[in-house]
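# A look at the structure
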Amino acid sequence: MKLVIGIVRPEQANQVLEALHRAEVRGFSMGRVQGHGGEMDRVETYRGTTVQMGLSEKVRFEVAVSDNFVDRTVEALCEGGRTGEVGDGKIFVLPLEQAVRIRTGDADEGAVTPVGK
Amino acid sequence: MIAAVDTGDTAWMLMATALVLLMTPALGLFYAGLVRSKNTLNTFMMCIAAIAVATVTWAAVGYSIAFDGEGALIGGLGNAFMNGVDFLPREEGSTIPELVFFAFQGTFCIITVALISGAVVERMRFGAFLVFSALWSVLVYAVLAHWAFGGGWLISGGTLDFAGGVPVEMASGFSALAAALVVGARKDYGRQALLPHNAMYVLLGAGLLWFGWFGFNGGSGFSTGEGSVLAFTNTLLCPATTLVVWFALDVIAGRKVTAIGAATAIIVGCVLITPAGGYVSPGWAMLLGALGAIPSWGIIAYRTRTRVDETLDVLAAHGTAGLVGILFIGFFAQESWNGVSDGLFYGNAAQLWDQVLAVLAAPTYAFVATFVLLKVIGAVMPLRATEREEAMGMDINQHGEEAYVTGEGAILLLPDDDGKAKVPVADPG
């Protein structure tokens, strides 16, 4: 089991959702985060106060998958998230020690496999 | 002979002018709530831009083209740069200083320009919109205001338009359709759900618009006389019945009464009564609100299934409802209420023909003129932001600000920093 974390542009989030859907990755969570990568900072001015915005809005996907789903999940995140410009985000794949489905108590592979598979 | 200034009339018209000006920021709220959060400021700023640009063009030439003389198609330049606009009433029968009349009519020009922005939000460049606003306010608004209000061929031919069904509502609605076609759809239109980001702004904006509309319609008699009083009360009655019918249509179509539907119904009801306010009885005003809800509701439901990204449905809410209101006068105007003319229902078929002329001519002129104007502007400068900018959001790339900025991660730049922060920043190069 792995935990795949994908941090992407908010405006690409819909494309990522579509790509995950096509890859038949059904279970994940997402949330808004702020981050800083290599991208140029934005300079904004609020009534004379000029600031350099070091953090950009990003969307963070967390997908827990069994090992044979890792590649297609990573591919889906790449495909949906890529624009080619600096700031497209990063993907991290981490080993996952344990997973439990709360409703049934299913553990590990059973917990990260969609119901009915 | 020019009548003396009446203090009561003047006091009300000063107040009404301020009420109508409030409608434009209210429209900004209404529109800003309907777009995505990354475009909030840009959408509101288009309304502020209308106040800035249309006021200047109105003072320069717009007012004169609309109200100087009795030319069939356009007015003269006798009042250009506010020449002769002073403390005296402008004509026989007027009891308010022309300065007040000028300001009141100017606020109409402003909101009409702002209304069109609803068709092009979330992708039109701000600079291009400023240029469009300046030219449109003179070439389209002032011309149609002359036709319907200022002594042009419609008003002198007998067409009745109390508060702007022709130059405000039909003009903005059909211009919006042309603008949406020339500027083109948003890049994600039809592929992603593009949802309103704050329904509370939408409701608050609609409420403030209704409040301002009492000045818009109630001031269009230019006095505290019977026409103004009738229009004022009809502005309460007509949108109320539109709301009731809209609730019913929502329930029939989706089994729930929606808040954004209700906000839209308020606008549609106010638009319906705009041309008819001072000409129809309170009872007919309530029927107008009820019947008039149906075509606007239907067009909104249909439009979202097309490729036409007339984003905030200016055509349905303003163009269509304004057209229905203008036609309604032809059927149900009542001389015993308005002292001017009867409609078909009271034996005067000629009035209906005068109204039909207006609904043929005004939308045609507005659509064609706006289409050509935007094509010309588009040949000189890009009308749209790039896809990348559109994805990032218009607030950041057009204005360098965000509506919902957190301040986290913001580094203060002092003037002697020369635009560069002292902390090292990764170079993407």
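Residues numbered from 1 in each chain as written. Chains lettered and ligands numbered in written order. Predicted model: local features only at pLDDT ≥ 70, side-chain atom pairs only at ≥ 80, totals over all residues.

Right, let's talk about the overall build of chain B for a bit. Looking only at helices and strands, chain B features 15 helices and 1 strand. In terms of overall dimensions, chain B is globule-like: its C-alpha atoms have a radius of gyration of 22 Å, near the 22 Å expected for 429 residues. Oriented by its inertia axes, the alpha-carbon framework of chain B measures out at about 80 × 55 × 40 Å. Looking at chain B as a whole, 54% of its 429 residues qualify as buried. (Helix = DSSP H or I, 4+ residues; strand = E, 2+ residues; numbered from the N terminus. Rg over C-alpha atoms; globule rule 2.2 N^0.38 Å. Buried ≥ 20, exposed ≤ 12 C-beta atoms within 10 Å, placed from the backbone.)

It is worth spelling out the overall build of chain A at this point. The number of helices and strands found in chain A is 3 helices and 6 strands. Secondary structure of chain A in N-to-C order comes out as β-α-β-β-β-β-α-β-α. In terms of overall dimensions, chain A is more spread out than a globule: its C-alpha atoms have a radius of gyration of 17 Å, far above the 13 Å expected for 117 residues. With respect to the three principal axes, the spread of C-alpha positions in chain A is 55 × 25 × 20 Å. Residues classed as buried in chain A amount to 23% of the 117 residues present. Long-range pairs, those at least 24 residues apart, make up 74% of the contacts in chain A between residues at least 6 apart in sequence. (Contact = placed C-beta atoms within 7 Å.)

All names here are of chain A. What the 4 strands build is an open sheet, ordered β2-β5-β1-β6; its pairing is antiparallel. Looking at which strands have only one partner, the edges of the open sheet turn out to be β2 (29-35) and β6 (89-95). Going across the sheet, the axis of each strand differs from the next one's by a mean of 20°, ignoring polarity. Sheet analysis places strand β1 (residues 2-8) next to β6, joined by 7 bridges and oriented antiparallel. Counted as the bridge partner of Leu 3 is Leu 94 from β6. Contacting β1, β5 (56-65) and β6, helix α2 (residues 70-81) runs over the sheet at an angle of about 5° to β1. (Pairing = 2+ DSSP bridges. Axes fitted to C-alpha atoms, helices over the stretch in contact; angles between N-to-C directions.)

A word on the sheet that holds strand β1 (residues 410-413) of chain B. Hydrogen bonds between backbone groups are what pair the strands of a sheet, and the pairing can be parallel or antiparallel. Pairing is antiparallel in the open sheet, where 3 strands are placed in the order β3(A)-β4(A)-β1(B). Because the sheet does not close on itself, it has two edges, and the strands there are β3 (42-46) of chain A together with β1 of chain B. Neighbour-to-neighbour, the strand axes of this sheet turn through a mean angle of 35°, independent of strand direction. Of the strand pairs in this sheet, β3 of chain A and strand β4 (residues 49-53) of chain A are connected by 5 bridges, and their pairing is antiparallel. The partner of Tyr 46 of chain A across the bridge, within β4 of chain A, is Thr 49 of chain A.

Moving on, we come to the confidence of the model for chain B. All names here are of chain B. When pLDDT is averaged along chain B, the result is 94, and 96% of the positions lie at 70 or above. Counting contacts from residues 423-429, a segment whose pLDDT is below 50, to residues more than four positions away or on other chains yields 7 contacts. For this predicted complex, the interface score ipTM comes out at 0.76, while the overall pTM is 0.91. (pLDDT = per-residue confidence, 0-100.)

All names here are of chain B. The residue Thr 55 is located in helix α2 (residues 40-67) in this model. For the pair Thr 55 and Gly 164, spaced 109 residues apart in sequence, the C-alpha to C-alpha distance is 18 Å. Excluding anything up to four places from it in sequence, Thr 55 contacts Gly 106 and Ile 110.

This paragraph deals with the nonpolar core. Core analysis: the biggest nonpolar cluster contains 137 residues, and Leu 144 and Val 280 of chain B have the highest contact counts within it. Residue contributions to this core peak at 15 residues, all from α2 of chain B. Here Leu 144 of chain B is in contact with Val 166, Pro 167, Ala 171, Ala 362, Tyr 365 and Ala 366 of chain B, once residues within four sequence places are set aside. Listed in part, the 13 residues of the second largest apolar core include Val 4, Ala 19, Phe 61 and Val 112 of chain A. (Core = buried A, V, L, I, M, F, W, Y, C linked by C-beta atoms within 7 Å.)

All right, on to helix α8 (residues 226-254) of chain B then. Residues and elements named next belong to chain B. Here α8 spans 42 Å end to end across 29 residues, near enough to the 42 Å set by a 1.5 Å rise per residue. At Asn 234, α8 shows its largest kink, close to 30°. Arg 255, located one to two residues past α8, shows a positive phi value of around 70°. (Expected span 1.5 Å × (residues − 1). Bend = angle between axes of the 7 residues up to and from the residue.)

All names here are of chain B. Residue placement: Ala 262 occurs in helix α9 (residues 259-276). According to the C-beta neighbour criterion, Ala 262 is partly exposed, with 17 such atoms within 10 Å. Measuring from C-alpha to C-alpha, the distance between Ala 262 and Ser 156 comes to 37 Å, with 106 residues separating the pair along the chain. Excluding its chain neighbours within four sequence positions, the residues that come into contact with Ala 262 are Leu 243 and Trp 246.

Okay, α2 of chain A next. All names here are of chain A. Compared with an ideal rise of 1.5 Å per residue, which puts 12 residues at 16 Å, α2 spans 16 Å between its outermost C-alpha atoms and is within 8% of the ideal. Those residues of α2 that fall on the buried side of the exposure criterion are Thr 73, Ala 76, Leu 77, Gly 80 and Gly 81. One side of α2 holds all its buried residues, which, seen down the axis, span an arc of 110°. (Arc of directions from axis to C-beta.)

Between β3 of chain A and the antiparallel strand that follows it, β4 of chain A, lie 2 residues; Arg 47 of chain A among them carries a positive phi value of about 45°. Direction of pairing for β4 of chain A relative to β1 of chain B: antiparallel, over a ladder of 4 bridges. If you follow Thr 50 of chain A over to β1 of chain B, its bridge partner there is Leu 413 of chain B.

The subject of this paragraph is the pairing of β1 of chain A. Note that β1 of chain A and β5 of chain A share 7 bridges and pair antiparallel. Across the sheet, residue Val 8 of chain A finds its bridge partner in β5 of chain A, namely Val 59 of chain A.

So, on to the interface of chain B and chain A. Listed as interface residues are 18 residues of chain B and, on the opposing side, 20 residues of chain A. Listed by contribution, the elements that provide at least two residues to the side of chain B that touches chain A are α14 (387-392) and β1 of chain B. Taken together, the residues of the side of chain B that touches chain A break down into 11 nonpolar, 4 polar and 3 charged. (Nonpolar A, V, L, I, M, F, W, Y, C, P; charged D, E, K, R; others polar.)

Residue and element names in this part refer to chain B. Close contact between helix α6 (residues 165-183) and helix α11 (residues 314-332) brings their axes to 7 Å; oriented N to C, the two are set at 140°. On the basis of their axis angle, the class for α6 and α11 is oblique. Two packed elements cross with a definite hand, and for α6 against α11 that hand is left-handed. Here α6 contributes Gly 165, Val 166, Glu 169, Met 170, Ser 172, Gly 173, Phe 174, Ala 176 and Leu 177 to the contact with α11, which in turn contributes Val 314, Leu 315, His 318, Gly 319, Thr 320, Ala 321, Gly 322, Leu 323, Gly 325 and Ile 326. When grouped by side-chain class, the residues that make up the contact of α6 with α11 number 10 nonpolar, 8 polar and 1 charged. (Parallel < 35°, antiparallel > 145°, perpendicular 65-115°, else oblique. Left-handed = near helix turned anticlockwise from the far one by under 90°.)

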